[in-house]
Amino acid sequence: MKGLRYMMFFPLLMMLASIVFGCQCYNEAKYEMRLQLNQALQHLVLDQSGQQYLMDSIASLHAGEILTINDRETHLQRSLSIVPLRDTCHISVCLNDATRSQLFSERATVCSDTLLWCAQPDGAGEVVVALKAFANPSFCAVLGHSKQRVPITGFLLGLFMLAMMSIRQRKMQVLSEIVCPIEPMPAAKIHLTPMQKQLMDLFAAAPNHTLSKEEICAALWPKKDDPDDTLYTFISRLKSSLKRQSTCRIINERGEAYTLVSQDEMA
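Basis of the calculations
Residues numbered from 1 in each chain as written. Predicted model: local features only at pLDDT ≥ 70, side-chain atom pairs only at ≥ 80, totals over all residues. Heavy atoms only, no water. Axes fitted to C-alpha atoms, helices over the stretch in contact; angles between N-to-C directions. Helix = DSSP H or I, 4+ residues; strand = E, 2+ residues; numbered from the N terminus. Parallel < 35°, antiparallel > 145°, perpendicular 65-115°, else oblique. Contact = heavy atoms within 4.5 Å. Nonpolar A, V, L, I, M, F, W, Y, C, P; charged D, E, K, R; others polar. Pairing = 2+ DSSP bridges.

Draft legend 1. A look at the packing of helix α2 (residues 9–46) against helix α3 (residues 48–57). One can describe the packing of α2 onto α3 by two numbers: an axis separation of 5 Å at closest approach and a directional angle of 85 degrees. Our classification of the angle between α2 and α3 gives roughly perpendicular. Taking contact as the criterion, the partners of Leu44, Val45 and Leu46 in α2 are, on α3, Gln48, Gly50, Gln51 and Leu54. Each residue belonging to the contact of α2 with α3 can be placed in one class, and the counts come to four nonpolar, three polar and no charged.

Draft legend 2. Here's a closer look at the sheet that holds strand β9 (residues 248–253). An order of β8-β10-β9 is seen for the three strands of this open sheet, with the pairing classed as antiparallel. Of all strands in the sheet, those bounded by a partner on one side alone are β8 (210–212) and β9. Going across the sheet, the axis of each strand differs from the next one's by a mean of 25 degrees, ignoring polarity. Inspection of the sheet shows β8 paired to strand β10 (residues 257–262) by three bridges, in the antiparallel sense. Residue pairing across strands places Thr210 opposite Thr259, the latter belonging to β10. Those strands touched by helix α8 (residues 194–205) are β8, β9 and β10, and its axis lies near 80 degrees from that of β10. Docked against the sheet, helix α10 (residues 228–245) engages β9 and β10, running at close to 150 degrees with respect to β9.

See below:
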């Protein structure tokens, strides 16, 4: 039972590792989206038609104002290949002001770096324009774009293993009903675990209902090198169960053997 509980740590660790790996994949997807926003923004200011589009949009822009361009057919959106970005992106534009500590305070799921563009509107001197692209894809949209097959598979596998181990542990804990072989009839039924029942059957079949430590350990823990501590704990719990439910008792024969007796014999 204790070994099975320790084994449950493995699927739990697998599930935890899958969650961590899944979060990493999610963050990588957001980073990829940010890179694409940066590339699309750079392409916009380098393209001649994109520059003209921006000029027309910021012609009436004043210092301190922030212009939001969310036209569905902007050059930026046509440069994006990731659908969640293309469907939710917009550009914010303002005149660069060195006295402002933060040009854009908008919060978004994904945003590009701030790009400074030296523009020269018709009939005006050169101005520096700050541009930044924002997009608000949903959590599910980013998750769907990230590579989650391995994390999800690992999480489900760990969950399945944990469920199977829990079912097995419950089956091992199911109590069996037996009658103490030395208790006078009619005897009440005793509720014991399968391993406790196995030991009681050994006592019933043994001469004088006596078993040595070696016989018990060989029957219950044949592959364990040093089962003494396990044996003492096991016998202690079985004694408690018998004391609560019957007149049968287990006595220790000089630390070398155990005998199943009735309460009357002890008296």
